Each structure stands twice: as structure tokens, then as C-alpha cells.
Amino acid sequence: MSTPRTPAGEPERIHAVPVRYPGRWVSAAVVAVLAAMVVHGLVTNDTFAWPTVAEYLFSPNVLRGVGWTLGLTVGSMVIAVLLAVLLAVMRRSDNPVMRGVSWTYIWVFRGTPIYTQLVFWGLLSVLYPVISLGVPFGPAFAEFDTQDLVTAGRAALVGLALNEAAYLAEIVRAGLQSVDPGQSEAARALGMKDPAILRRVVLPQAMRVIVPPTGNETISMLKTTSLVLAVPFTLDLQFATNAIGNRTFQPVPLLMVAAIWYLAVTSVLMVGQHFLERYYGRGFEGHRPAGGRGRQAAINAARTTPEAPVVDDMGRSTGGPTGGPA
Amino acid sequence: MSTAAAAPAPGAGPTGDVPMVRMEGVHKWFGHAHVLRGIDLAVPRGSVSVVLGPSGSGKSTALRCINQLEEIGAGRILVDGELMGYREGVRRGAPALFRLHPRQVAQQRARIGMVFQRFNLFPHMTALGNVVEAQVQVLRRDRATARARAHELLDRVGLSDRVDHYPAQLSGGQQQRVAIARALAMDPELMLFDEPTSALDPELVGEVLGVMRDLAASGMTMVVVTHEIGFAREVADQAVFMADGVVVESGPPGEVLVDPREQRTRDFLARVL
């Protein structure tokens, strides 16, 4: 069987009639009607009081709440990431004491509710009115009044961070385990020492695995900050909007205000996550500055093969360049 | 390290020169598996030794023991007259071996270059970054010096136009040549090659062997575990045939590979040639 040819002598390309999918049109229409019903319900129900939403969306108390929520989220995540790397490294340590401490930490902080932990940190000053640094059972070098040291804001920040660190530690551990053992072996063969191998070789590669779930955790943390009233800390977005809603007897529109802000911040965080993933994905499949089909393109460009093993998209053998390093 | 050559070490060869590598009665166990059963081997300075043998014969393990990626169970390994991994001393009036601190082990390894079957390049660094990294971290060279050296070495392996490529953008042969440059950047006195061409497509083997041939011609001491009999014939000063965790026979490739004394060597060569 010979392929039909165009007058120019090239094989005639296939121009086939596409398959029809009526089901796709039907399902799209059903979903569109449902969406229209939801929008209708949102717009026409006066209880949502959209003018009130607009009135309070940028009110000073709400904006301050957004600031605190964002600050608590970012601050607690930064502390949590640093602590999580430490916990994950301790978990892999040769020292059984380190392994045990890390395991116990994760067990306690993952095994109790965040709400309970926040209440506990809020009550710390009742438990220990004075915190002193010194030798256990010996002299103290410095003493602090717990009320002054652990303010509601700090208790909220640290409480969220300590809880989150336990979850992130497991994510970091999974990331470290995902790196090919040949990597640290190659680094060791070069005479690199363990801390440098972790910092320069293993951790940067583990980040590729660590960043996506950590982004997820950050978005989750944004909303967990609404629990800080357990401390009690009362300046975050959820508490601020709730307070206004209770005062003005309009809880629903203020709930909408909170929801809009949480959505907006989440969207910004998602953009940040995208760029972080791209940074740590450098050098891996799917991220090439230049075009071409990766490895095959590299082999061809290397000009070390006597003949290009692929044919070009016109169907002819490219009869690649010859020579190159022997 | 070179100062040790002045002292007559126990591993001194027939000419009185200290061999670059000396393995004496080296045993290795993986759990209950006895994979090295008393390896004795001397690699003279500036020579190329090619280690051949069926898979599972322990040749890769023996190579990895030299730079302490594997810990030996018995025997001793000296590199340029220096005992690897231990310090000889006296404890409670009796001679004893003291394990070296990981820091000292790292120093010993830094003088031995190693090339792996699967390249093991750092995928998040460019070719240049791969060659620069250990120079900065281990040799404490400043970045400019390290980069200049890296450019020089990548040029030597024929990759001066690939310095800014990531490993994923390079062919296997190019990756392995970067790996060789990375090892050479540490100015090693000894280079170990663990089946450097076994993971390559057949048409890419030649470029890597070419770089290794040049390296041998420059006087580098090399120990090469490989299945490339042709390379062994052409480049090796010593061919070592291993099977079942022992050195079956060793000698000039003209003898071992052409007219072996041992039946096991003959069987192996008949299978691979």
C-alpha cells in the first residue's frame, strides 16, 4: 500500500472528521444552569446585604485583622519550617537521644488538637508565673515574668508554629528520603562532610518534594489562625469580622467579608507557591530554558553520534553531523 | 601524603616504591554474605589497573572499599602508604586500630576521585556548578578560582560549550564526562571508575573511554572496574580478574586477557568476547 501523495510529492496529511461528544454539551449545560442558580441566590437574597459587605470590606478593623492573620500565618510558617528541618534531621540522626526527642515531639504535637495547644499556651502564665533561665535545681541567671514574656500575640504565633512544625517535620523527612542515596554518596566521595552534604546537595533536591505540600500547609495555616481566639488573641480577621457582625446584628455580610479576604490571600499565596516550585524544580524534567525534546535533543546537539538516530518532522532522516570527540 | 612515600611502608613493592593502592587480605561481609574473601592487590603509581569479572564477583565492592564508601571487615587498605579509615596506635599496652573521625575520613576521600556507573551528578546544579561545588566546600578555593579550574576541566573533557547546562539537558556520555571533570577538580592522586560506561547507550561509550584514555596518558593512577575488554587491552598496565570475592589472577593484559592461566578467566573471556 502506498501513501497518497500531493502534487509536490509529499505524503498527503490526514484530515479526519472529529468524533462528536454530545454528552459533554449536556453536562456543561446542566452545570451552567446550576451555577446561574447559585449566582442568582447570592445576588437576590437581601440577607447577604452586599452593600454592607462593601462598607466593611476595607474598614480599619478588618484591614488590621487581615494584617494580623497574614502576619501570624507567615511568621508561624517560617518558625515551623526551620523547626521542622531540625526535627527531620534529628529523626535521621545516629544519636538515639535525638531520634527519641524528635519522635516524642511529633507524637505530642500531632496527637493533640491545635485548639487545646493554643488554650494551653494562653494559660502558660498561670502554670508558670515566672520563667527563669539557669541550672536545673541550681541558681537562675535571668528571670522573666511570664505575663510580660508570653503575650497573647506571641502565644498565638508560637502555638501555631509548634503545632505546624510537627506536621512539616514529616513532610521534610519524606522529602529527604526522596533524594537518591547516590547523591550523598557522590558528595561523600568528593570529601564533603555531612552538614555540607545536607545543605548543598540533599536539602535543595528535597525541596522539590517539600514545597508543594508545604504550600498546602500554608494555606491551611491561614485558616487555622482563626482558632487563635483560644489563646485568647482577638485581633485576627475572623475575630474582627465576627465582632463587627455581632455588634451590628449583621453576621452574614461580615462572614462574607472574612471569606473574601481569606480567598484573596489564598490566591496570593498560590502565586507565591507557583514561583517557589519553579525555582526548586530547576534542572529537573519539564523545566528547560531552551526548547527541544530534552535528552534526545542533547544527544543530537552533542554531535557525538555518527548519524542522528531520529528522523525530522518531515519524515526524512536528518543524516546528522559526523565526528565529534572520539 | 607524598611524605609518607619516603618511609619504607610495609606495603612497599619490589622496587621499594610505595604503590598508590595496596589492599592486603581485605574481607567484606554484608550481613552473612561474605562478598570479599581476602583481596590482595597493588596498584603502582601512575599505572592503570582494570578490574574484570562476572557480576557479583565483588569488583565494585572492592573499588568502593578503597575510598571507604564501604567499610571493610578485615585486612587493610593503604593509599600512597597511608592506612585508610584507621590510625594505628596502642591501647592498654597492645597495638590497636583507632577509627578515624568522619572529618579525617573526608580528607582521605578528597584525594581520591570517584566516577560512578550512574554518574550521580547533582541535578540542581549546572555542569559548571557540579565541578565548582566541592572545590569551594572541601578545598576552600574561592569561587573565581574554582570556576576558572572548572572551565579548564570541562574544556579538557570536551564540554566547554555545555557549562551552563543542567544534567537533565545532557546526554549520558556528556554527564559522565562532567562527572569525570568533577572528580578531577579535587586534584586527586588516584581515580576510581565504577563501571563508568555500563549505563550508557552503545554509541556514547566511546567519548567517555576517550577521556579516560587521555587521562591515563597524562599519568593518572587509575583503577577501572569495567566490562570493556578492548579498553583493558589497550590502556591497562595491569588486568585483574575477580570471581567470587577473590582475585583469580592478575598481570599484564597481554597475558591475563590473551592467554589466561586460570580456567575461570578463560570461561569468562569466552563468554564476553
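Residues numbered from 1 in each chain as written. Chains lettered and ligands numbered in written order. Predicted model: local features only at pLDDT ≥ 70, side-chain atom pairs only at ≥ 80, totals over all residues. Heavy atoms only, no water.

## Some points on the overall build of chain B
Summing up its helical and strand segments, chain B has 9 helices and 12 strands in all. Dimensions of chain B, computed from the C-alpha atoms along their principal axes, are close to 55 × 50 × 40 Å. Scored against the burial criterion, the 273 residues of chain B give a buried share of 56%. If you take every contact in chain B between residues at least 6 apart in sequence, the share linking residues at least 24 apart comes to 64%. Total accessible area computed for chain B in this model is approximately 11,500 Å², and 49% of it derives from carbon and sulfur atoms. (Helix = DSSP H or I, 4+ residues; strand = E, 2+ residues; numbered from the N terminus. Buried < 20%, exposed > 50% of the residue type's maximum accessible area, 1.4 Å probe, protein only. Contact = heavy atoms within 4.5 Å. Areas by Shrake-Rupley, 256 points an atom, 1.4 Å probe, with all protein chains shown as cover.)

## Side note on the packing of aromatic side chains
Overall, the coordinates contain 8 aromatic pairs over all chains when judged by the stated rule. Aromatic side chains Phe120(A) and Trp121(A) sit 5.2 Å apart centroid to centroid with 75 degrees between the ring planes, which places their arrangement in the edge-to-face category. Ring geometry for Phe241(B) against Phe268(B): centres 5.2 Å apart, planes inclined by 45 degrees, an arrangement best described as tilted. Here Phe241(B), found in strand 11 (residues 238–243), pairs with Phe268(B), found in helix 9 (residues 263–272); they are 27 residues apart in sequence, far enough to count as distant. Exposure remark for Phe268(B): the relative accessible area of 5% places this residue in the buried category. Here the basic side chain of Arg24(A) rests over the ring of Tyr21(A), its NZ or CZ set 3.9 Å away from the ring centre. In this structure, Arg282(A) packs its charged tip against the face of Tyr279(A), placed 4.5 Å from the ring centre. (Phe/Tyr/Trp six-rings, centres within 6.5 Å; stacked < 30°, edge-to-face > 60°. Lys NZ or Arg CZ within 6 Å of the ring centre and 35° of its normal.)

## Notes on helix 10 (residues 194–224) of chain A
Here helix 10 of chain A spans only 36 Å end to end across 31 residues, well under the 45 Å set by a 1.5 Å rise per residue. At Val202(A), helix 10 of chain A is bent by approximately 45 degrees, the largest bend along its length, and proline Pro204(A) sits one to four residues beyond. (Expected span 1.5 Å × (residues − 1). Bend = angle between axes of the 7 residues up to and from the residue.)

## Remarks on the interface of chain A and chain B
With 33 residues of chain A in contact, the opposing surface of chain B contributes 38 residues. Together, the buried faces of chain A and chain B total about 3,100 Å²; carbon and sulfur atoms form 57% of this surface. Together, Ala189(A), Leu190(A) and Arg200(A) form the three largest contributors to the area buried by chain A at its contact with chain B, with a combined 19%. Across the chain A-chain B interface, the total number found is 2 salt bridges. Along the contact surface separating chain A from chain B lie 5 residue pairs in polar contact (both at pLDDT 80 or more). Looking at the side of chain A that touches chain B, the elements with two or more residues in it are helix 9 (181–189), helix 10 and helix 13 (294–302) of chain A. (Buried area = accessible area lost by both parts, 1.4 Å probe. Salt bridge = Lys/Arg side-chain N within 4 Å of Asp/Glu carboxyl O. Polar contact = N/O pair within 3.5 Å; in protein donor to acceptor, adjacent residues only side chain to side chain.)

## Thoughts on unusual backbone geometry
A cis amide bond links Val231(A) to the next residue, Pro232(A), at an omega of 10 degrees. Relative to the elements of secondary structure, Pro232(A) occurs in the loop between helix 10 and helix 11 (237–248). Phi is positive for Glu195(B), which is not a glycine, with a value near 45 degrees. Structurally, Glu195(B) is set in the loop between strand 9 (190–194) and helix 6 (202–217).

## A closer look at the sheet that holds strand 12 (residues 246–251) of chain B
Residue and element names in this part refer to chain B. Strand order across the open sheet formed by 6 strands is 8-9-10-3-11-12, with mixed pairing between neighbours. Two strands bound the open sheet, and with one partner strand each, they are strand 8 (112–115) and strand 12. Averaged over all pairs of adjacent strands, the angle between strand axes in this sheet comes to 15 degrees, irrespective of strand direction. As paired strands, strand 3 (residues 48–52) and strand 10 (residues 221–225) are joined by 4 bridges and run parallel to one another. From the neighbouring strand, Val48 faces strand 10, where its bridge partner is Met222. Here helix 1 (residues 59–66) sits on the sheet and contacts strand 3, strand 8, strand 9, strand 10 and strand 11; the angle it forms with strand 9, its principal contact strand, is near 150 degrees. (Pairing = 2+ DSSP bridges. Axes fitted to C-alpha atoms, helices over the stretch in contact; angles between N-to-C directions.)

## Section: a positive patch on the surface
The grouping of Lys193(A), Arg199(A), Arg103(B) and Arg140(B) at the surface amounts to a positive patch. With respect to the secondary-structure elements, Arg103(B) resides in helix 2 (residues 102–110). For Arg103(B), a relative accessible area of 45% translates into the label partly exposed. (Patch = residues over 30% accessible without salt bridge, like charges linked within 9 Å, V, L, I, M, F, W, Y side chains within 5 Å. Lys, Arg positive; Asp, Glu negative; His and termini not counted. Charge placed at Lys NZ, Arg CZ, Asp CG, Glu CD.)

## A word on the layout of surface pockets
What the largest pocket holds in volume is close to 1,300 Å³. Forming the walls of the largest pocket are 41 residues, and the residues nearest its centre are Asp94(A), Arg188(A), Asp194(A), Ile197(A) and Pro102(B). Looking at the lining of the largest pocket, the elements with two or more residues in it are helix 3 (60–91), helix 8 (152–178), helix 9 and helix 10 of chain A together with helix 2 of chain B. (1 Å grid on protein atoms, 1.4 Å probe; cavity = no way out; pocket = protein on both sides within 12 Å on 5 of 7 lines; lining within 4 Å. Points joined across faces, edges and corners; volume = space filled by probe spheres on them.)

## Regarding the pattern of salt bridges
Overall, the coordinates contain 21 salt bridges over all chains when judged by the stated rule. The partner of Arg200(A) in a salt bridge is Glu133(B), and the shortest N-O contact between them spans 2.7 Å. Here Glu133(B) lies in helix 3 (residues 127–137) and Arg200(A) lies in helix 10, a pairing that spans two chains. The exposure class of Arg200(A) is partly exposed, given its relative accessible area of 27%. Salt-bridge contacts for Arg149(B) lead to Glu152(B); the nearest nitrogen and oxygen are separated by 2.7 Å.

## Here's the deal with a nonpolar patch on the surface
Residues and elements named next belong to chain A. Nonpolar side chains collect at one region of the surface, where Val38, Val39, Leu42, Val43, Trp50 and Ile260 lie side by side and expose about 490 Å² of accessible area between them. Among the elements that make up the nonpolar patch, the one with the highest residue count is helix 1 (residues 22–44) (4 residues). The topology assignment puts Ile260 in helix 12 (residues 251–280).

## Here's the deal with the sheet that holds strand 5 (residues 82–83) of chain B
Residues and elements named next belong to chain B. Spatial ordering of the open sheet is given by 2-1-4-5, a layout of 4 strands whose pairing is antiparallel. Either end of the sheet is taken by a strand with one partner, and the two such strands are strand 2 (33–43) and strand 5. Note that strand 4 (residues 74–79) and strand 5 share 2 bridges and pair antiparallel. When the sheet's bridge partners are listed, Leu78 is paired in strand 5 with Leu83.

## Observations regarding the packing of helix 5 (residues 172–184) of chain B against helix 6 of chain B
Residues and elements named next belong to chain B. At a closest axis distance of 8 Å, the pairing of helix 5 and helix 6 adopts a crossing angle of 20 degrees. The pairing of helix 5 with helix 6 is recorded here as roughly parallel in orientation. As for the relative orientation of helix 5 and helix 6, their crossing is right-handed in sense. Across the interface between the two elements, Gly172, Gly173, Gln174, Gln176, Arg177, Ile180 and Leu184 of helix 5 pack against Leu204, Glu207, Val208, Val211, Met212 and Leu215 of helix 6. (Parallel < 35°, antiparallel > 145°, perpendicular 65-115°, else oblique. Left-handed = near helix turned anticlockwise from the far one by under 90°.)

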